[in-house]
Amino acid sequence: MTGTAAALGAGLGAAVDGGRFPGGVLVVGQVGAGRSVVGRGLVAPECGDVRPDEHTRYDLASLTKVLATWPLVGAAVRAGLLDLDAPLRAALPHLPSPGGDLTTRQLMTHTSGLLPQTGLARYQHTGRPLIEHLCAEPLVSPPGAHHRYIDRGFILLGLLLPELLGRPLPVLADALWRELGLTATAYGPLPRDVRLAPTEQRLRGAPRTWGIPHDPSAALLGGVAGHAGVFSSAADLASFAEHLLGPAAPAAPTGPLSSSELPWLPGWFASSRRPLVAVEPGLSRGLAWLVAERGPVAYHHGFTGTSLYLAPDTRRFVVLCTNAVYHGWDRTRLADLRAAALHALLPADR
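Owing to the predicted nature of the structure, the values given are computational and were not obtained by experimental measurement.

Caption draft 1: Spatial organisation of the pattern of salt bridges. Under the definition given, this model contains twelve salt bridges. For Arg195, the salt bridge goes to Asp53, with nearest N and O atoms at 2.8 Å. Of this pair, Arg195 sits in the loop between strand E4 (186-187) and helix H8 (216-220) while Asp53 sits in the loop between strand E2 (34-41) and strand E3 (57-59), and the two are 142 residues apart along the sequence. Residue Arg195 is classed as partly exposed on the basis of its relative accessible area, which comes to 26%. Judged by relative accessible area, Asp53 falls into the partly exposed class, the value being 26%. Asp85 is the salt-bridge partner of Arg105, the closest N and O atoms lying 2.6 Å from each other. Of this pair, Arg105 sits in helix H4 (residues 104-108) while Asp85 sits in the loop between helix H2 (64-78) and helix H3 (88-91), placing them 20 residues apart in sequence. Relative accessible area serves as the criterion here: at 48%, Asp85 is assigned to the partly exposed category. Bridged by salt links that share partners, the residues Arg122, Glu137 and Arg152 form one connected network.

Following this line, the structure appears as structure tokens:
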């Protein structure tokens, strides 16, 4: 574990020294065997000589999908409020077609055929709920026919869950995170602080994006959405990984978010990481999670420069938190480091 952390830390340091982004932190761990933490660079120049560590908070971007929406969907399924294979209209009869005919499984596997564009500004001030607008949009492909990674399905789930569970999305998510002991995890907006990493400066001369979501659709929705908007630390992500990799324990359902039910999360993770849809050779999509079939390793990325990798067979994990969009987004900035993190959890070739 220490050797893996050192090797990945060297890659993180090389990226920082090369000016790709100000800094970052990674955690390499194994359930029951501890964690190794490596930080490199600065939180950001605006924060002075503050070094990132496992408690620095980062904009998670699309890790919101697996840290908030995915477990809440599991809670709704366990409570009998949502059927993965029933049309959304079975839960909310007023939803229009064609979106109301989609299933939660199709949304979570990115096979819904929904529009790939996430621009939502045209639906402001119409007096009609956004969930109805999204469901009324035409599909670009038949449901279940193609895997296309988009945000729209998880935006839709983020609007559906409060209707089913009876509380706003941030309240539902916060209750779950507090039960799991994730004290640094929250939806924004958050106050600017040297322990909170800023992201991109969208307009020259304007304040940098800091404490509000980098994702424009999440920002348009007030910072709270099913696909983006959550901030967290590497320590909290490591704790989340340990919960998912821990032993599953049966519990009688008493409510969608009661503490007695939280032991079902490892079981929900186990079922969610089963390969369901091919993405490319050797890589499939489960429920929200990507699954590398040689291993397997389940993982997810965030656009801002975050990643979470879990290897259930060995109960090892890697957490990566950076503000890689600080200088604008370039996919190559993290490609090598992300590939190395995945490879570190895969079984050795024989």
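Caption draft 2: Spatial organisation of helix H10 (residues 265-272). Turning to H10, its buried residues are Leu265, Pro266, Trp268, Phe269 and Ser272. The arc that holds the buried residues of H10, viewed along the axis, is 160 degrees, so those residues lie on one side. Contacts made by the buried residues of H10 are with H2, H4, helix H9 (234-245), strand E9 (297-302) and strand E10 (306-311).

Caption draft 3: The arrangement of the sheet that holds E4 in detail. Overall, antiparallel pairing links the three strands, which are arranged E3-E5-E4 in an open sheet. Single-partner strands in this sheet number two, and they are E3 and E4. Note that E4 and strand E5 (residues 230-233) share two bridges and pair antiparallel. Bridging from a neighbouring strand, Ala186 pairs with Phe231 of E5. Against the sheet, H2 touches E4 and E5, its axis set at about 115 degrees to E5.

Caption draft 4: Main features of the pairing of E9. Counted residue by residue, E9 has five buried out of six residues, so it is predominantly covered. Bridging between strand E8 (residues 290-292) and E9 involves three bridges; their strand directions are antiparallel. Paired with Ala292 across the two strands is Val297, which belongs to E9. What sits between E8 and E9 in their antiparallel hairpin is a turn of four residues, with Gly295 showing a positive phi close to 160 degrees. Where E9 meets E10, five bridges bridge the pair, whose relative direction is antiparallel.

Caption draft 5: A look at the packing of helix H1 (residues 2-17) against helix H11 (residues 332-345). Between H1 and H11, the least distance of the axes is 10 Å, while the angle of their chain directions is 170 degrees. Comparing their axes, H11 and H1 come out roughly antiparallel. Across the interface between the two elements, Thr4, Leu8, Gly11 and Leu12 from H1 touch Leu337, Ala340, Ala341 and Ala344 from H11. Here the contact of H1 with H11 is built from residues that sort into six nonpolar, two polar and no charged.

Caption draft 6: Inspection of the side chain of Thr322 at higher detail. Mapped onto the fold, Thr322 is located in strand E11 (residues 316-322). Within the structure, the side chain of Thr322 is placed 2.7 Å from the backbone oxygen of Gly305, a separation counted as a polar contact. A polar atom in the side chain of Thr322 sits 3.3 Å from the backbone nitrogen of Ala324. Not counting residues within four places of it along the chain, the set of residues in contact with Thr322 comprises Leu12, Phe21, Gly23, Gly24, Tyr58, Thr304, Gly305, Thr306 and Leu334.

What counts as what
Residues numbered from 1 in each chain as written. Predicted model: local features only at pLDDT ≥ 70, side-chain atom pairs only at ≥ 80, totals over all residues. Heavy atoms only, no water. Salt bridge = Lys/Arg side-chain N within 4 Å of Asp/Glu carboxyl O. Helix = DSSP H or I, 4+ residues; strand = E, 2+ residues; numbered from the N terminus. Buried < 20%, exposed > 50% of the residue type's maximum accessible area, 1.4 Å probe, protein only. Arc of directions from axis to C-beta. Contact = heavy atoms within 4.5 Å. Pairing = 2+ DSSP bridges. Axes fitted to C-alpha atoms, helices over the stretch in contact; angles between N-to-C directions. Parallel < 35°, antiparallel > 145°, perpendicular 65-115°, else oblique. Nonpolar A, V, L, I, M, F, W, Y, C, P; charged D, E, K, R; others polar. Polar contact = N/O pair within 3.5 Å; in protein donor to acceptor, adjacent residues only side chain to side chain.

Function-wise, these values are silent; they only describe arrangement.
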